[in-house]
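Structural description and commentary
One-letter residues, chain by chain:
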Amino acid sequence: MKALTENQHNDYRVKKLSIVLLCLVCVLVNSSGAQLAQKLGIPLFLDSIGTMLAAVIGGYLPGIIVGYLTNLITSFEDPINAYYSSLNALIAVLATWFYHKGWFRRLPTTLLSILAFSFVGGVLGSFITLLLSGFSFGTGISSPFAMWLSQTRGWNPALAQFISDILIDLGDKTAVVAVFSVVIRIIPRSLRESLNFEGWQQAPLSRERRAALSRRENRVMSLRSKLLIMLVSALLLTAVASTTISVIQYHNSSISKHTKMGEGVAALVANAIPAQRVDDFIALGENAPGYEEVKERLALIRDSSPDIDYVYVYQIQPDGCHVVFDLDTEEVEGSKPGEVIPFDADFAVYLPELLTGGRIAPVISDGAYGWLLTVYEPVYDANGVCKCYAAADISMNTIRSEEIVFVTKVMSIFLGFFILILAIGLWLADYNVTLPINSLAAASGSFAYNSENAREESLQAIRELDIQTGDEIEHLYHAMVKTTADMVDYIADVQEKSATIARMQDGLILVLADLVESRDKCTGDHVRKTAAYVNVIVQELRREGVYADQITDEFIHDVVHSAPLHDIGKINVPDSILNKPGKLTDEEFAIMKGHTTAGGEVIDSAIETIGSDEGYLREARNLAACHHEKWNGTGYPNGLAGEDIPLGARIMAVADVFDALVSRRSYKEPFTIEKAMDIIREGAGSHFDPKVVAAFLNAEDEVRRIA
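Description of the structure in this document. (Residues numbered from 1 in each chain as written. Predicted model: local features only at pLDDT ≥ 70, side-chain atom pairs only at ≥ 80, totals over all residues. Heavy atoms only, no water.)

Details of the pattern of salt bridges
One side chain can pair with another of opposite charge once the charged atoms of both are near each other. Counting across every chain of the model gives 20 salt bridges. The partner of Lys173 in a salt bridge is Asp169, with the nearest N and O atoms 3.1 Å apart. Here the residue Lys173 and the residue Asp169 both occupy positions in helix α7 (residues 157-186), the gap between them amounting to four residues, near one helical turn. Considered together, Lys173 and Asp169 belong to a single accessibility category, that of buried residues. Arg543 is paired through a salt bridge with Glu540; the nearest N and O atoms lie 2.5 Å apart. (Salt bridge = Lys/Arg side-chain N within 4 Å of Asp/Glu carboxyl O. Helix = DSSP H or I, 4+ residues; strand = E, 2+ residues; numbered from the N terminus. Buried < 20%, exposed > 50% of the residue type's maximum accessible area, 1.4 Å probe, protein only.)

This is how it looks when you write it as structure tokens:
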């Protein structure tokens, strides 16, 4: 057994190395496909063939690893590829599921799989691209077609890019699935199965057995589902916490960065303003000497940073903002010098400080000119008097767009990690927790107790699970094996002792019956023969299917083993009557008939003493009290009729009368078997149950042997 285990471990090591080699080869296939498409200049990616191959050959985990590694490696050349790793991982999951469902063997389902892959790569991929590019034209092989749609068809650039990505990816996934389908048919099935990445911590199960275990119903939910929920919850909580912290920090950093940039621009603008000429600029505007030169300088400062939306210079007075400079933009024409602009409500709180020429903190406002981050820089003259304020506006939408791109990158990276970690977690949970526990539960639940061989086979089935998780589950398994083995031994011991007790019980019954019989010098082997006849009749009834609902194994055992007690009541009959050679008087016969009632009372007393109405005692009471009842109701002691008479007593009636007929008595010679059979036959329907008589007569050969 030890050598076998070492061989298994060696096989596992070889298999793990094969899986690593498979992953490396499939990553190379992905990279080679992408480079081939690029060299040929065809508008396809061809970077997921290896992902699909790894998924269907090795399983979903190698497929996800290959997809993730492919994007990780290619991101060194183009960093944006790292953000699409989750898509390749999703393709691996879908490929595994489609393959096991047999989708790649039929054209309709193959086409459906292409659509599914295209949705992941095209729709989701395009959405990520649009988020990363700010919903404008991106880069890549789909851009030329997107530009054609936008320029010649007048489509919105973002929509053109979106449709272009989907169509390009549809063609790509069609080519990928076509190549993949050919390759997977070339690879021998035996090789594919040998490379399936499994981590058994027990005796391996067939795919059918695993499917059967997964279909087991649970009262609430499966352990695998609970582990999945726990793992997903932990990952999501971690993601939400880390993403929230990252976004907050990025937002604060972005605001700080843009604030510093705005402060720098505002400071440059302030330095470019000749403070002593501000009043002339307001009064004369563009006609003031030097105005145009300063305006051109301000335009150069604004254009030095693409994030600056507006640059202007205001003189703050109680009646409003007096324009000194307000540069035009493509969207908005600047105000004229000297024009008075009302105060924005968001600046109301800062008016006292602005009117006195003080400095204020950057202001975020959402007014007529949009959602802006505004930085004011005071312009002082030689006397330290604030003549005006130089202002720079940065659109908060720009900051928000940058934050969306940042969140997209974070979520894309996380989603790839999420799928990878989830796959690893489920893989480990399956092989280390759910499969061992389900296998142990199934083996225990199907344990058969009905025979010694069945118990041994069931115990062997549990032992053959060979669970080796190396943790509490393995401890549970060994404890279960020991407990089950002890239980099997205990059952065998109990059964052996029960058999001994049963033999003692049967022996005591026969001894008791012999004691009664020994007082009756005429009966001979009556109790043994009647028991044998009862057994013949009841077995024949079972063979014929008569009274099938009553004649069970337990009934047969009880009625046959309690048959010797049917005349136990004769212990109350005096010897003078019991052994009288002649015909009994009416009074004597009345006393003789009392043996049925007395027999029932004796058995009732035994039942009361034992405190349990055991089956054989119940049947013994029926036999003792009712074996002289007749089918037509003329018997004694209670005049029962038909099926009101217990079945065991109806069987005993035939056996008792027949043995009495064929046996020698002090008051008569034995009848021939033929004559006795005729008497029994004639009594059917009057004295005896017709069905019991029929069974008795049908077993004539066995009856003759006993007689």
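Points about the nonpolar core
Met52, Ile57, Ile64, Phe104, Phe117, Phe180 and Ile184 are the most contacted members of the largest nonpolar core, which has 58 residues in total. Elements that contribute at least two residues to this core include exactly α1 (2-40), α2 (49-58), α3 (60-74), α4 (85-100), α5 (107-132), α7, α10 (223-272) and α14 (396-445). Broken down by element, this core gets its largest block of residues, 12 residues, from α14. Contacts of Phe180, omitting those with residues within four sequence positions, involve Met52, Leu53, Val56 and Phe104. Core analysis: the second largest hydrophobic core is formed by 39 residues, Tyr533, Val536, Leu661 and Ile706 among them. (Core = buried A, V, L, I, M, F, W, Y, C linked by side-chain atoms within 4.5 Å. Contact = heavy atoms within 4.5 Å.)

Looking at a nonpolar patch on the surface
A contiguous nonpolar patch, built from Leu69, Leu72, Ile73 and Phe76 and spanning about 410 Å² of accessible area, is present on the exposed surface. Judged by relative accessible area, which is 40%, Leu72 ranks as partly exposed. (Patch = residues over 30% accessible without salt bridge, like charges linked within 9 Å, V, L, I, M, F, W, Y side chains within 5 Å. Areas by Shrake-Rupley, 256 points an atom, 1.4 Å probe, with all protein chains shown as cover.)

Notes on the environment of Gly685
Note that Gly685 resides in the loop between α23 (673-682) and α24 (690-698). Here the alpha-carbon distance between Gly685 and Trp631, two residues 54 residues apart in the chain, equals 6.3 Å. Among all residues touching Gly685, those that are not within four sequence positions of it are Trp631 and Pro690.

Quick look at the side chain of Asp172
With respect to the helices, strands and loops of the structure, Asp172 is situated in helix α7. Residue classification places Asp172 among the buried residues on the basis of a relative accessible area of 0%. In terms of polar contacts, Asp172 uses its side chain to reach the backbone amide nitrogen of Phe45, at 2.9 Å. Contact partners of Asp172, with chain neighbours within four places excluded, come to Leu44, Phe45 and Leu46. (Polar contact = N/O pair within 3.5 Å; in protein donor to acceptor, adjacent residues only side chain to side chain.)

Regarding the packing of helix α6 (residues 143-153) against α7
It is the contact of α6 with α7, at a shortest axis distance of 8 Å, that shows an interaxial angle of 135 degrees. With respect to their mutual orientation, α6 and α7 come out oblique. Here the hand of the crossing between α6 and α7 comes out right-handed. Residue-level inspection shows Ser143, Phe145, Ala146, Leu149 and Ser150 of α6 in contact with α7, the latter providing Pro157, Ala160, Gln161, Ile163, Ser164 and Leu167. Looking at side-chain class alone, the contact of α6 with α7 contains seven nonpolar, four polar and no charged residues. (Axes fitted to C-alpha atoms, helices over the stretch in contact; angles between N-to-C directions. Parallel < 35°, antiparallel > 145°, perpendicular 65-115°, else oblique. Left-handed = near helix turned anticlockwise from the far one by under 90°. Nonpolar A, V, L, I, M, F, W, Y, C, P; charged D, E, K, R; others polar.)

Description of α24
Three or more residues of α24 are buried, namely Val692, Val693, Ala695, Phe696 and Leu697. The inward-facing, buried residues of α24 contact α17 (526-544), α22 (647-662), α23 and α25 (700-706). Between the side-chain oxygen of the N-cap and the backbone nitrogen of Lys691 there are 3.0 Å, and the N-cap of α24 in question is Asp689.

Some words on the state of the cysteines
If you walk through the whole model with that rule in mind, you get zero disulfides. Here Cys321 is not disulfide-linked; the sulfur of Cys388 is the nearest cysteine sulfur, at 12 Å. On the basis of relative accessibility, which here comes to 8%, the residue Cys321 falls in the buried class. (Disulfide = S-S within 2.5 Å.)

Description of the packing of α10 against helix α12 (residues 291-303)
Between α10 and α12, the shortest axis-to-axis distance is 10 Å and the interhelical angle comes to 165 degrees. It follows that α10 is roughly antiparallel to α12 by the angle criterion. For the element pair α10 and α12, the recorded crossing hand is right-handed. Contacts between α10 and α12 involve Val265, Leu268, Val269 and Ala272 from the former and Val294, Arg297, Leu298 and Ile301 from the latter. In the contact of α10 with α12, the residues fall into seven nonpolar, no polar and one charged.

Notes on the environment of Ala390
Relative to the helices and strands, Ala390 is located in strand β6 (residues 386-395). In this structure Ala390 comes out as buried when scored by relative accessible area, which is 0%. Distance from Ala390 to Gln315, taken between C-alpha atoms, is 8.9 Å for residues 75 residues apart in sequence.

So, α12
In a regular helix each residue adds 1.5 Å, so 13 residues correspond to 18 Å; α12 covers 18 Å between its end C-alpha atoms and thus fits that length. The set of residues buried in α12 consists of Tyr291, Val294, Leu298, Ile301 and Arg302. One side of α12 holds all its buried residues, which, seen down the axis, span an arc of 100 degrees. For α12, exposure combined with an orientation more than 90 degrees from the buried face picks out Glu296, Leu300 and Asp303. Of the surrounding elements, those touching the buried residues of α12 are α10, α11 (278-284), β1 (308-317) and β2 (320-326). (Expected span 1.5 Å × (residues − 1). Arc of directions from axis to C-beta.)

With respect to the packing of aromatic side chains
Describing an aromatic ring pair means giving the distance of the ring centres and the angle of the ring planes. On inspection of all chains with the given rule, the structure shows 23 aromatic pairs. On the basis of an interplanar angle of 15 degrees and a centroid distance of 5.9 Å, the ring pair of Phe145 and Trp148 is categorised as stacked. Of this pair, Phe145 and Trp148 are both found in helix α6, three residues apart, which corresponds to roughly one turn of the helix. Taking relative accessible area as the criterion, Trp148 reaches 40% and is therefore assigned partly exposed. Ring geometry for Phe414 and Phe418: centres 5.6 Å apart, planes at 50 degrees, overall tilted. Of this pair, Phe414 and Phe418 are both found in helix α14, four residues apart, which corresponds to roughly one turn of the helix. Overall, Phe414 belongs to the buried group, its relative accessible area being 17%. Clustering of aromatic rings is evident, with ring pairs tying together Trp97, Phe98, Trp103, Phe104, Phe117 and Phe180. Of note, Lys593 hangs over the ring of Tyr636, and the distance from its end group to the ring centre comes to 5.4 Å. The ring of Tyr547 has Arg650 lying over it, and the distance from NZ or CZ to the ring centre is 5.2 Å. (Phe/Tyr/Trp six-rings, centres within 6.5 Å; stacked < 30°, edge-to-face > 60°. Lys NZ or Arg CZ within 6 Å of the ring centre and 35° of its normal.)

Observations concerning the sheet that holds strand β4 (residues 363-367)
The six strands are arranged β3-β2-β1-β6-β5-β4 in an open sheet whose pairing can be described as antiparallel. Strands with a single pairing partner mark the edges of an open sheet, and in this sheet they are β3 (340-341) and β4. For strand β5 (residues 370-380) and β6, the ladder comprises nine bridges, and the chain directions are antiparallel. What sits directly across from Glu377, in β6, is Ala390. Sitting on the sheet, α12 is in contact with β1 and β2, with an inclination near 85 degrees to β2. (Pairing = 2+ DSSP bridges.)

A look at the pairing of β5
For β5, the tally of buried residues reaches eight of 11 residues, placing the bulk of the element in the interior. The sheet contact formed by β4 and β5 spans five bridges and is antiparallel. Looking at the pairing, Ile364 lines up with Leu373 of β5. Two successive antiparallel strands, β5 and β6, enclose a turn made up of five residues, where Gly384 displays a positive phi of approximately 80 degrees.

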